[in-house]
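Structural description and commentary
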2 protein chains.
Amino acid sequence: MTEQPQRRTTRQRTAIREFLSGAGDFRTAQQIHEQLRAGGDPIGLATVYRTLQTMAEAGDVDMVRTADGESAYRRCTTSGHHHHLVCRSCGRTEEIMAKVVEAWAATIAAEHGFTNVTHDVELYGLCASCGARTVT
Amino acid sequence: MTEQPQRRTTRQRTAIREFLSGAGDFRTAQQIHEQLRAGGDPIGLATVYRTLQTMAEAGDVDMVRTADGESAYRRCTTSGHHHHLVCRSCGRTEEIMAKVVEAWAATIAAEHGFTNVTHDVELYGLCASCGARTVT
DNA sequence: GTCTTCATGAGAATGATTATCGATCACAAT
DNA sequence: ATTGTGATCGATAATCATTCTCATGAAGAC
Ligand SMILES: [Zn+2]
Ligand SMILES: [Zn+2]
Ligand SMILES: [Zn+2]
Ligand SMILES: [Zn+2]
């Protein structure tokens, strides 16, 4: 068996978890670091990166890549596998379940003889309120 | 109207285009730079980055993000909108058309009042030959 | 309280991508 | 063929997110 290193509850880890629970949208490590500090929570940047990575691997948070390649994290309410519909303007995020897509992915994989297939599926657009205030 | 700067045909741009036409899979700017030079084609790294970006914006090449966040480019044979099924091991890439997914994305967007929605859909797995030589 | 081990964080290191900016080159017009 | 002009090139410096280092601090078990 692979010995999993024991995991401790520290002030920093709690702070990050709570911060993400409060924020509804995706945040980058840099943002989280800055905002936690601004809120009077002393924390190191390296710690933020480490913790987010660990949480992501454990499935406690979801990760996406922003348009410019940064990693952004979010604490989702849906426990299982799901996808996101993100507002390009305000960051508002909806969690999406997609049986159709899951089935499609499996079919395509089989058709091409691929195994062990995972997928990356995210939707980006303008939410109702942001779309409304945009000039056509 | 927005005046588009006129585009010139240079040795470097041709080299990159031909290189990508020859390679069937996704390559990063760094890889392309290195391999072109190794092949006796003097070219600057900045030029490679610039050219790839321009080509991607013009739709001449497709771009994806590798697992570690680098941008990789590929010259696809399919002209219109499509997705990819990429082998995690050897990089072999299949182009995929997915009416189901397009329809699904549109529906989801509408249901949530989102407009101007784009999507990001890629599949990663092990191709037949790579899967075969893997220990179960 | 003591001890063992994991966690932290300041700062250095890494590495991809972008910006600079003078020298070159493509190409249309003469 | 020559020339004029603006696009393009490229060596190198600058940016900037992310990772590494390692001495110090703190959690949890007994
Ligand atoms: Zn919005
Ligand atoms: Zn899915
Ligand atoms: Zn393969
Ligand atoms: Zn599509």
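Description of the protein's contact with DNA strand C
By nearness alone, 22 residues border DNA strand C, and Arg-8, Thr-10 and Arg-50 of chain A together with Tyr-49 and Gln-53 of chain B come closest of all. Taking all atoms of DNA strand C within 4 Å of the protein, the share assigned to sugar and phosphate is 68%. Between DNA strand C and Arg-37 of chain A there is a distance of 3.1 Å, counted from a phosphate oxygen to a side-chain nitrogen or oxygen. Between DNA strand C and Ser-71 of chain B there is a distance of 3.0 Å, counted from a phosphate oxygen to a backbone nitrogen or oxygen.

Comments concerning the domain arrangement of chain A
Residue and element names in this part refer to chain A. The assigned domain composition of chain A is domain 1 (1–75) and domain 2 (79–136). The distance between the C-alpha centroids of domain 1 and domain 2 comes to 22 Å. Tallying the contact residues gives seven residues for domain 1 and nine residues for domain 2. Per-residue buried area on domain 1 facing domain 2 is highest for Phe-26, Asp-62 and Arg-74; these three make up 60% of the total on that side. Our count for the domain 1 to domain 2 interface comes out at one salt bridge. Residue Arg-74 is joined to Glu-95 by a salt bridge in which the shortest nitrogen-to-oxygen separation is 2.8 Å. At the boundary of domain 1 and domain 2, one finds three residue pairs in polar contact (both at pLDDT 80 or more). Broken down by class, the residue content of the side of domain 1 that touches domain 2 amounts to two nonpolar, one polar and four charged.

Some words on the pattern of salt bridges
Following the criterion strictly, the structure yields 10 salt bridges over all chains and no others. When the shortest N-O distance is used, the salt bridge between Arg-92 of chain A and Glu-94 of chain A registers 3.0 Å.

Some thoughts on the coordination of the zinc ion (ligand 1)
All names here are of chain A. Protein coordination of the zinc ion (ligand 1) is provided by Cys-87 (SG), Cys-90 (SG), Cys-127 (SG) and Cys-130 (SG), with donor distances spanning 2.2 to 2.4 Å. For the zinc ion (ligand 1), the four donor atoms are set out with angles of 102 to 115 degrees between them, so the coordination reads as tetrahedral. In primary sequence terms, the donor set of the zinc ion (ligand 1) follows C-x2-C-x36-C-x2-C. In this pair, Cys-87 is assigned in strand S4 (residues 83–87) and Cys-127 in the loop between strand S6 (115–126) and helix H5 (128–132), connecting sequence segments 40 residues apart. Note on accessibility: Cys-87 and Cys-127 belong to one class, buried.

Criteria and cut-off values
- Residues numbered from 1 in each chain as written.
- Chains lettered and ligands numbered in written order.
- Predicted model: local features only at pLDDT ≥ 70, side-chain atom pairs only at ≥ 80, totals over all residues.
- Heavy atoms only, no water.
- Near = heavy atom within 4 Å.
- Polar contact = N/O pair within 3.5 Å; in protein donor to acceptor, adjacent residues only side chain to side chain.
- Domains from an automatic or database assignment.
- Contact = heavy atoms within 4.5 Å.
- Buried area = accessible area lost by both parts, 1.4 Å probe.
- Salt bridge = Lys/Arg side-chain N within 4 Å of Asp/Glu carboxyl O.
- Nonpolar A, V, L, I, M, F, W, Y, C, P; charged D, E, K, R; others polar.
- Donors = N, O, S within 2.8 Å, 3.2 Å for Na, K, Ca; no water.
- Tetrahedral: all angles 85-135°; square planar, octahedral: opposite > 155°, others 65-115°.
- Helix = DSSP H or I, 4+ residues; strand = E, 2+ residues; numbered from the N terminus.
- Buried < 20%, exposed > 50% of the residue type's maximum accessible area, 1.4 Å probe, protein only.

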